[in-house]
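Examination of the molecular architecture
What follows is the residue order along each chain.
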Amino acid sequence: MSENKKVVIIGSGPAALTAAIYTSRANLNPTCIAGYQPGGQLMLTSEVENFPGFPEGILGPELMGNMRRQAERFGTKFVEADAVGVDFTGPLHKVFTDEGVYEGDAVIVATGASAMWLELPSEERLRGRGVSSCATCDGFFFRGKEIAVIGGGDSALEEALFLTKFATKVNLIHRRDKFRGSKIMQDNAFANPKITIILNHAVEEILGENHVEGIRLRHAETGELTDLALAGVFVAIGHRPNTTIFKGHLEMTENGYITRQENSGTSVRGVFVAGDVNDFRYRQAITAAGSGCAAALDAEKYLEALVS
Ligand code: NAP
């Protein structure tokens, strides 16, 4: 019976928790290695207004708390420790943590990705108070306001273009004299009257005590400082998938995202992947949750085939 089989889920964002809800309801005894700081990227956001089912919106941490309680209700065991290594060579897959080793007939990897930040103290202090890394999530809050987007890749260009729907003016600020993003998106950004492009400037500081009031820029060559008054800063300098422990164990893209083989399967039989650790395109809570469901269903099918 596949009910005697065990699933280990690594992660604790929407992908991991949805996989936990589905696998626990299928009696697959999931253990979720949630990490010392559980909840994923949604723990860093405030209001989530685009997750279906919450017409008034819901706070990110509250949404994650609800998902976790739902998984616990059906018997998911949570381990508050980071996964520090894996061994996928035996018949049982092993996940190592500081608290011990967890073995599963199937493993679902949902360790997510982390937005890269400028690493300024003022940026950290004002995160969720005008500083964001997700235009789709937070753009709506900047209707009628002036904002800045930081970065020079496709993400920054795309976010700047998207944010013109809400903001009165979008300052697109890049540290070099050339964008890295695609030509077509650059052309669109240059042609958009709501976008002001500021090249050769690094962000020195984000200004404001309790919410963003402006930004201080430093010219890359002259070092001259300029302050701009604005209400929001979108940092779009890339994401890093959380895949260090899977290097050499699972196939990945050159950027370190775990690749899928068949459905949500990876390069190792019995190891499945869900959420942002595989997805650099959509990166939404709802798409992560959907892929967590798919990985759980694929794991269940795999385990049924193992016992039959
Ligand atoms: P990316 O291509 O790595 O670009 C990151 C940008 O941020 C670069 O311009 C980089 O500057 C800048 N940057 C990095 N660290 C910085 C720092 N500490 N301070 C200031 N600036 C910093 O990342 P991405 O834009 O997220 O794109 C990732 C991948 O997804 C790319 O392959 C992209 O094509 C793809 N993507 C595609 C689409 C689409 O097709 N619609 C949309 C989004 C992303 P430098 O240029 O100086 O290195």
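What you are looking at is a predicted structure, and each value in this text was computed from that prediction instead of being measured. (Residues numbered from 1 in each chain as written. Predicted model: local features only at pLDDT ≥ 70, side-chain atom pairs only at ≥ 80, totals over all residues. Heavy atoms only, no water.)

Some points on the overall build of the protein chain
Within the protein chain, the regular secondary structure consists of 7 helices and 20 strands. Along the first, second and third principal axes, the C-alpha set of the protein chain runs to 65 × 40 × 35 Å. When burial is assessed residue by residue, the protein chain has 50% of its 308 residues classed as buried. Counting every atom, the protein chain has about 15,100 Å² of accessible surface; 49% of that belongs to carbon and sulfur. (Helix = DSSP H or I, 4+ residues; strand = E, 2+ residues; numbered from the N terminus. Buried < 20%, exposed > 50% of the residue type's maximum accessible area, 1.4 Å probe, protein only. Areas by Shrake-Rupley, 256 points an atom, 1.4 Å probe, with all protein chains shown as cover.)

Remarks on the site of the ligand
Not every one of the 13 residues close to the ligand is listed here, only the nearest: Asp154, Ser155, Glu158, Arg176 and Arg180. One of the backbone N or O atoms of Gly152 is found 3.1 Å from an oxygen atom in the ligand. The contact in question runs from an oxygen atom of the ligand to an N or O atom on the backbone of Gly153, over 3.3 Å. Considered on its own, the ligand offers 910 Å² of accessible surface; in the complex 69% of this is hidden by protein. By residue number, the principal contributor to the shell around the ligand is helix 5 (residues 154–163), which donates 3 residues. When its residues are assigned to classes, the shell around the ligand shows 3 nonpolar, 5 polar and 5 charged. (Near = heavy atom within 4 Å. Polar contact = N/O pair within 3.5 Å; in protein donor to acceptor, adjacent residues only side chain to side chain. Nonpolar A, V, L, I, M, F, W, Y, C, P; charged D, E, K, R; others polar.)

Side note on the pattern of salt bridges
Applying the stated rule across the entire model yields 7 salt bridges. Of the charged contacts in the structure, one is a salt bridge between Glu80 and Arg68, with a shortest N-O distance of 2.5 Å. Taken together, the positions of Glu80 in the loop between strand 5 (77–79) and strand 6 (83–87) and Arg68 in helix 2 (residues 60–73) put the pair 12 residues apart, joining distant regions of the chain. The exposure class of Glu80 is partly exposed, given its relative accessible area of 36%. Salt bridges sharing common partners tie together Arg68, Glu72 and Glu80. (Salt bridge = Lys/Arg side-chain N within 4 Å of Asp/Glu carboxyl O.)

What to know about the domain arrangement of the protein chain
By the assigned domains, the protein chain splits into domain 1 (2–114 + 239–307) and domain 2 (117–235). Domain 1 and domain 2 are separated by 32 Å when their C-alpha centres are compared. Taken together, the contact pairs 7 residues of domain 1 with 8 residues of domain 2. Here domain 1 and domain 2 share an interface that buries about 690 Å² over both sides, 44% of which is from carbon and sulfur atoms. Counting across the interface, domain 1 meets domain 2 through 0 salt bridges. Taken together, the connections running from domain 1 to domain 2 amount to 0 residue pairs in polar contact (both at pLDDT 80 or more). Grouping the constituent residues of the side of domain 1 that touches domain 2 by class yields 1 nonpolar, 3 polar and 3 charged. (Domains from an automatic or database assignment. Contact = heavy atoms within 4.5 Å. Buried area = accessible area lost by both parts, 1.4 Å probe.)

Here we look at the packing of aromatic side chains
Tallied over the full model, the rule gives 7 aromatic pairs. Where Phe140 meets Phe166, the ring centres are 6.1 Å apart and the plane angle is 80 degrees; that geometry is what we call edge-to-face. You can see Phe140 sitting in the loop between helix 4 (135–138) and strand 12 (146–150) and its partner Phe166 sitting in the loop between helix 5 and strand 13 (169–173), a full 26 residues away along the chain. Aromatic pair Phe272 and Tyr302: ring centres 5.8 Å apart, planes at 65 degrees, arrangement edge-to-face. A residue pair is termed long-range when its members are at least 10 positions apart, and Phe272 in strand 20 (residues 271–273) and Tyr302 in helix 7 (residues 285–307) qualify at 30 residues. Side by side, Phe272 and Tyr302 carry an identical accessibility label, which is buried. Site record: aromatic cluster; members linked through ring pairs are Phe140, Phe162 and Phe166. The ring of Phe78 has Arg68 lying over it, and the distance from NZ or CZ to the ring centre is 4.1 Å. One cation-aromatic arrangement involves Arg127 over Trp117; the distance from NZ or CZ to the ring centre is 3.9 Å. (Phe/Tyr/Trp six-rings, centres within 6.5 Å; stacked < 30°, edge-to-face > 60°. Lys NZ or Arg CZ within 6 Å of the ring centre and 35° of its normal.)

Describing the nonpolar core
Of all hydrophobic cores here, the largest spans 34 residues; its most connected members are Val7, Ile9, Phe51, Ala106, Ile108 and Phe272. Only strand 1 (7–10), helix 1 (14–25), helix 2, strand 9 (106–109) and helix 7 provide two or more residues apiece to this core. Other than its neighbours up to four places away in sequence, Phe51 contacts Leu63, Met67, Ala285, Ile286 and Ala289. The next biggest cluster of nonpolar side chains, apart from the first, holds 19 residues, and it includes Ala156, Leu157, Ala167 and Phe179. (Core = buried A, V, L, I, M, F, W, Y, C linked by side-chain atoms within 4.5 Å.)

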